[in-house]
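Listed below are the residues making up each chain.
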Amino acid sequence: MMDYSEFFNRELERIKDEERYRVFQNIERLAGRFPKALWYPEKAVEQKEITLWCSNDYLGMGQNPEVIAALQGAAEQFGAGAGGTRNIGGTHKPIVELEHELADLHGKEAALVFTSGYVSNEASISTIANLLPDCVIFSDQLNHASMIAGVRQSKVEKKIFRHNDTAHLESLLREQPKERPKLIVFESVYSMDADIAPIARITELAKQYNAFTYIDEVHAVGMYGPRGGGVSEREGLAADIDIIEGTMAKAFGVLGGYITGKREVIDAIRSIASGFIFTTTLPPALAYAARVSISHLKQSRAERELQKLRVDQTKQALAESGIPMLPSETHIIPVSVCDAALCKKASDLLLQKHSIYIQPINYPTVPRGTERLRITPTPLHSEQDVDKLVSALKDVWQELNLDFTGSLVNPELERYTIA
Ligand SMILES: *Cc1c(COP(=O)(O)O)cnc(C)c1O
């Protein structure tokens, strides 16, 4: 007879042996104090003030007074929940207006909001691939788990191209019959490697081989482009991409995912995507707050500019101290540790000794041997915070005897070599 408890305990042991066990830090973010927060260690009685250095609230919009007031006001006015799915009583005015705001952000005809970016990718990619007859998907090797979930769920044929390798992508496209429907799915900013896709070349190939394009701009919306429309806006390429997907949970600081595109495409997905239809709509207050945040960042560049300044200062200071970083052309700074146990240890030391919170990034989020600390400076970090971060990292590097320069240990992954 199956002993279920014993089974799960054994599984947990295995996960721990493989250094895959995840420890979530319990923190209390206090409005107005970001990037400071309170940390509640599991066994200790007392909380401790820490500085967050791994938040995806990239611009601090989650604590923007205008956004908080919008959320509060809308909750007073419209109540707590949406009261239904989009299909049955849940299509409320704030979500319809939010969709207009999003379509405008990307210069597209229409938008569709989902309960998260994860759901938007899973539901949209699988629906598009299933609708197109005999579709074949071309998917970047480092695509996010939610995009992989969409590809898998569609059950159509897939070709994985090497990360950002357009020559490889072209060779895969060329193998297919010209008339066969093709879907290329990729991201703009890859958040674990901090690099950017060659979007212009991918859209050229898509034109040449008549492929439909789907880009995930989750780590770019709000931060890139003159109105926060992402890298596709910055590079003037938004019109060349069929679907632009994003989230309202990262730089916009609230919650929810979305897609934008041509009216007929969005309408088709709206009509049949299970992950869109059979779930309750985002609450009106969240939709309203998200819209205020998006609209604020369309006009205000102060947040983006200060973020860029802090990112540059942090990169510069880390480079001077010899802390090994992956080359980054973005707001994300991956610091290489290249060992799962040491990465966890470095993170623990930072938290316990220096009151700095940076979650270790281990397998399966990144390949084994490329474990890292992923640092995200925001406009709310001060220059003093940056100084403290760098001296804390130096101290931890010395204490754990980590490499100050040099290349990463996994020779197969040459793109992980430090510049
Ligand atoms: C976080 C993330 C998502 C999911 O967005 P949520 O709104 O957090 O569900 C999708 N794609 C990428 C690349 C992400 O990093």
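Reading the values: rules and limits
Residues numbered from 1 in each chain as written. Predicted model: local features only at pLDDT ≥ 70, side-chain atom pairs only at ≥ 80, totals over all residues. Heavy atoms only, no water. 1 Å grid on protein atoms, 1.4 Å probe; cavity = no way out; pocket = protein on both sides within 12 Å on 5 of 7 lines; lining within 4 Å. Points joined across faces, edges and corners; volume = space filled by probe spheres on them. Nonpolar A, V, L, I, M, F, W, Y, C, P; charged D, E, K, R; others polar. Near = heavy atom within 4 Å. Polar contact = N/O pair within 3.5 Å; in protein donor to acceptor, adjacent residues only side chain to side chain. Areas by Shrake-Rupley, 256 points an atom, 1.4 Å probe, with all protein chains shown as cover. Helix = DSSP H or I, 4+ residues; strand = E, 2+ residues; numbered from the N terminus. pLDDT = per-residue confidence, 0-100. Contact = heavy atoms within 4.5 Å. Pairing = 2+ DSSP bridges. Axes fitted to C-alpha atoms, helices over the stretch in contact; angles between N-to-C directions.

**Student:** So what's going on with empty space enclosed by the protein? Which residues, and what values?
**Tutor:** Tallying each qualifying case throughout the model produces one cavity of 30 Å³ or more. What the largest cavity holds in volume is close to 70 Å³. Per-class residue counts for the lining of the largest cavity are five nonpolar, five polar and one charged.

**Student:** Tell me what's going on with the site of the ligand, and back it up with residues and numbers.
**Tutor:** Of all residues adjacent to the ligand, which total 13 residues, the nearest are G117, D216, H219, T247 and K250. Separating a nitrogen atom of the ligand from a side-chain N or O atom of D216 is a distance of 2.7 Å. Measuring from an oxygen atom of the ligand, one finds a side-chain N or O atom of K250 at 2.9 Å. Considered on its own, the ligand offers 380 Å² of accessible surface; in the complex 84% of this is hidden by protein. For the shell around the ligand, the element with the most residues is helix α4 (residues 117-131), which contributes three residues. Residue composition of the shell around the ligand, by class: three nonpolar, seven polar and three charged.

**Student:** Can you explain the confidence of the model for the protein? Please cite residues and give values.
**Tutor:** Reading predicted coordinates in detail is not appropriate for stretches of low pLDDT. The pLDDT averaged across the protein works out to 95; a share of 97% of its residues lies at or above 70. The secondary-structure element of the protein with the lowest mean pLDDT is strand β15 (residues 360-361), recorded at 94, while strand β12 (residues 257-261) shows the highest, at 99. Contacts for the low-pLDDT stretch residues 407-419, under 50 throughout, to residues beyond four places or in other chains number 28 contacts.

**Student:** An account of the sheet that holds β15 is needed here, citing residue identities and associated values.
**Tutor:** Strand order in the open sheet formed by three strands is β13-β16-β15, and the pairing between neighbours is antiparallel. Looking at the sheet topology across the chains shown, the edges are occupied by β13 (333-336) and β15. Bridge count for β15 against strand β16 (residues 372-375) is two bridges, and the pairing is antiparallel. If you follow I361 over to β16, its bridge partner there is R372. Helix-sheet contacts for helix α12 (residues 302-321) involve β13 and β16, and the interaxial angle to β13 is about 20 degrees.

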